[in-house]
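Understanding the architecture of this molecule
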Amino acid sequence: MFKRNHPLQPSSPCGLAFDDRNGQIIIAEYASAGGFDIHKAVIGERRSVNLLGNDFRTTLSRGNAHTDAPPLALSPDASEETILRAILEKTNGDRSRLVQSFTRTPDSRIIVTQVDASAVDESVNRTEKCIEEQQPAHISFAEKTIRVETRTRAITRLWRASQVDTPQSTTAILVLAEDDYTIGLWSEQSGLVYETEEDFEPGASREIKCFHTRDTLAKFISTASLAKLRLPNVTTVVLSAADSYGDSMLSLLNNSVEFNSVGVQPLYLNNNSTPLDQATALAIGALLDHAAVPSCNLAIGPEARLNDIETERQLATASQTTARFRVALVSILLPFVAALAILIALFIDNSVEALRLQTKRLQLLKNSLRQTPTTNHRKLTLPPSNRCSTT
């Protein structure tokens, strides 16, 4: 289901996830024969894996992420620039605390994701350091791009890409880490319309963390909560948990009455595989692209994107100005070119006519010479004269 039908290129993307518990960086790349190549490198170890691309994708490891549809007085078809300016106006452009980005949903909603700016900077810096450690120094690479998304979005994308049939109901995504958890609600018709993230209380036991997460998830998938979000009922809960929580959380959800009508499943790559560990799932989910779960790059904030839009506008204006200048220049030169063409045509026509007349004169002269009779030269003999005799 993940088979690629075209050869890998040097710019093929690379998904990264940082497994701090085990001191590893998980690297996911598309395999040339289909599927994925998964590599693990020790954090801080140089050149254990060669990174040859320039498109790197990762997720936040924290950040208090929140995604929903804010009360923006905007039409669904508003331009990107208009939406970004509205977002900045709502937060007074405070980049020091929050980074925000937005996506459009199939049912014409504008969904905004906001996270702590420090968490985005941390992910970008760790990714850049990993690139520096793993890319060969003797090779020159094109300018790199870094995409940073929430963990919920990456896990949702991986789960959706693994589904053969289009899901018809709402799916709840639960990402349970050592120190926090995230919950997302997604449907094919509305996309990822809600996402929340919460840190655990310091010193909380594993049991308390699991029970608190279960109770919060139960509230989010209730009929009342789904009605507010205009979502159909939840029929599936997808669980991606840290190794020390996976079995406990899965068992707790399956044995809770709140989830009797909901199927709870760990995250698989396909039906014949074992459940994916969280770090690998995040690396693959970050790597993937899927139309039903579009990217939401938090590494490019509203200000940076507005600057890009302004640059694109200036380039387009310069291109249009150049095009108009060319049209004007052609319009000015066209009469002169036409006149020159007429003169050249007249010159050629006169030259041809003169040559034709000269050829005709020569032909007439030749014919005249042929028709003139030739003069006969005869030898004249005087008649014999009487000879006088001398006496």
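Predicted model, so just to flag it, every value in this text is computed and none were measured.

Calculation notes
- Chains are numbered independently. Their residues run from 1 in the order of the written sequence.
- For this predicted model, a pLDDT threshold of at least 70 governs which residues receive local features, and a threshold of 80 or more governs which side-chain atom pairs are given and counted, while totals over whole chains, interfaces and linings are taken from all residues.
- Excluding hydrogens and water, the side-chain values take into account all heavy atoms of the structure.
- Pairs of strands are assigned from DSSP output, requiring at least two bridges between the strands.
- Here a strand is any run of E in DSSP of at least two residues, a helix any run of H or I of at least four, and the numbering for each starts at the N terminus.
- The axes used here are C-alpha line fits, helices contributing only the stretch in contact, and every angle between their N-to-C directions lies in the interval 0 to 180 degrees.
- Side-chain rings of Phe, Tyr and Trp (the six-membered ring for Trp) are treated as a pair once their centres are within 6.5 Å; stacked means planes under 30 degrees apart, edge-to-face means over 60, and tilted covers the remaining angles.
- The criterion is that NZ of a Lys, or CZ of an Arg, lies within 6 Å of the ring centre and within 35 degrees of the ring normal, and then a charge sits over that ring.
- Exposure classes here rest on a 1.4 Å probe applied to the protein chains alone. A residue is buried below 20% of its type maximum, exposed above 50%, and partly exposed in between.
- Positive charges come from Lys and Arg alone, negative charges from Asp and Glu alone, with His and the N- and C-terminal ends not counted.
- Basic side-chain nitrogens of Lys or Arg form a salt bridge, by our definition, when they fall within 4 Å of a carboxyl oxygen of Asp or Glu.
- Between the first and last residue of a helix there are one fewer steps than residues, each counted as 1.5 Å, and that sum is the expected span.
- What pLDDT expresses is the predictor's confidence in each residue, scored from 0 to 100.
- Note on contacts: a residue pair is in contact if any heavy atoms of the two residues lie within 4.5 Å.

1. Side note on the sheet that holds strand S8 (residues 145–149)
- Read from one edge of the open sheet, five strands run S3-S2-S1-S4-S8, paired in mixed fashion. The open sheet terminates on both sides in strands that have one partner only, identified here as strand S3 (36–42) and S8. Direction aside, the axes of adjacent strands within the sheet are offset by 25° on average.
- In terms of strand pairing, strand S2 (residues 24–30) meets S3 through seven bridges, oriented antiparallel. Residue Ile-27 lies in a different strand from S3, and its bridge partner there is His-39.

2. Looking at the packing of aromatic side chains
- Counted by the stated rule, this structure contains four aromatic pairs.
- Seen from their ring centres, Tyr-194 and Phe-220 are 5.3 Å apart, and the 40° between their planes marks the pair as tilted. You can see Tyr-194 sitting in strand S11 (residues 191–199) and its partner Phe-220 sitting in helix H4 (residues 206–220), a full 26 residues away along the chain.
- Here the guanidinium or amino end of Arg-206 rests over the ring plane of Tyr-245, the centre of that ring lying 5.8 Å away.

3. Concerning the side chain of Lys-209
- With respect to the secondary-structure elements, Lys-209 resides in helix H4.
- Buried within the structure, Lys-209 lacks any salt-bridge partner; its nearest side chain of opposite charge belongs to Asp-179, at an N-O separation of 4.7 Å.

4. Here's the deal with helix H2 (residues 117–134)
- End to end, H2 covers 26 Å across 18 residues, agreeing with the expected 26 Å (1.5 Å per residue, within 8%).
- What H2 keeps buried is the set Ala-117, Ala-119, Val-120, Ser-123, Val-124, Thr-127, Cys-130, Ile-131, Glu-133 and Gln-134.

5. A few points about unusual backbone geometry
- Located in the positive-phi region is Arg-47, a residue other than glycine, with phi close to 55°.
- Turning to its location among the elements, Arg-47 is positioned in the loop between S3 and strand S4 (55–59).
- Since its relative accessible area comes to 41%, Arg-47 is described here as partly exposed.
- The phi torsion at Ser-108 lies on the positive side, around 65°, for a residue other than glycine.

6. Regarding the pairing of S11
- In terms of burial, S11 is a largely internal element, seven of the nine residues being buried.
- As paired elements, strand S5 (residues 66–68) and S11 share two bridges and run antiparallel to each other. Directly across from Thr-67, in S11, lies its bridge partner Glu-195.
- Where strand S10 (residues 180–187) lies against S11, eight bridges are found, and the strand directions are antiparallel. Counted as the bridge partner of Thr-182 is Glu-197 from S11.
- Taking the residues between adjacent antiparallel strands as the criterion, S10 and S11 are bridged by three residues.

7. Focus: the pairing of strand S7 (residues 110–116)
- Summarising burial for S7: five of the seven residues are buried, a large majority.
- Two strands pair when backbone bridges link them, and S5 and S7 are joined in this way by three bridges, in the antiparallel orientation. Counterpart to Asp-68 in the pairing with S7 is Val-112.
- Alignment of strand S6 (residues 98–104) against S7, held across seven bridges, turns out to be antiparallel. Each residue of the ladder has a partner; that of Phe-102, found in S7, is Val-112.
- Between the end of S6 and the start of S7, which pair antiparallel, lie five residues, with Ser-108 showing a positive phi angle near 65°.

8. A look at the confidence of the model for the chain
- When pLDDT is averaged along the chain, the result is 86; 90% of the residues meet or exceed 70.
- Scored below 50 in pLDDT, residues 1–8 shows 21 contacts in the model against residues more than four places distant or in partner chains.
- In the model, residues 387–391 has pLDDT below 50 throughout and makes zero contacts with residues more than four positions away in sequence or in other chains.

9. Digging into the sheet that holds S10
- Taking strand neighbours across the sheet as the criterion, the eight strands line up as S6-S7-S5-S11-S10-S9-S12-S13 in an open arrangement whose pairing is mixed. In the strand order of this sheet, the two ends are held by S6 and strand S13 (263–266), each with one partner. The average undirected angle you get between the axes of adjacent strands in this sheet is 20°.
- Bridging between strand S9 (residues 170–176) and S10 involves six bridges; their strand directions are antiparallel. For Leu-174, the partnering residue across the bridge sits in S10 and is Ile-183.
- Strand contacts of H4: S9, S10, S11 and strand S12 (234–241), with the helix running at about 25° to S10, the strand carrying the most contacts.

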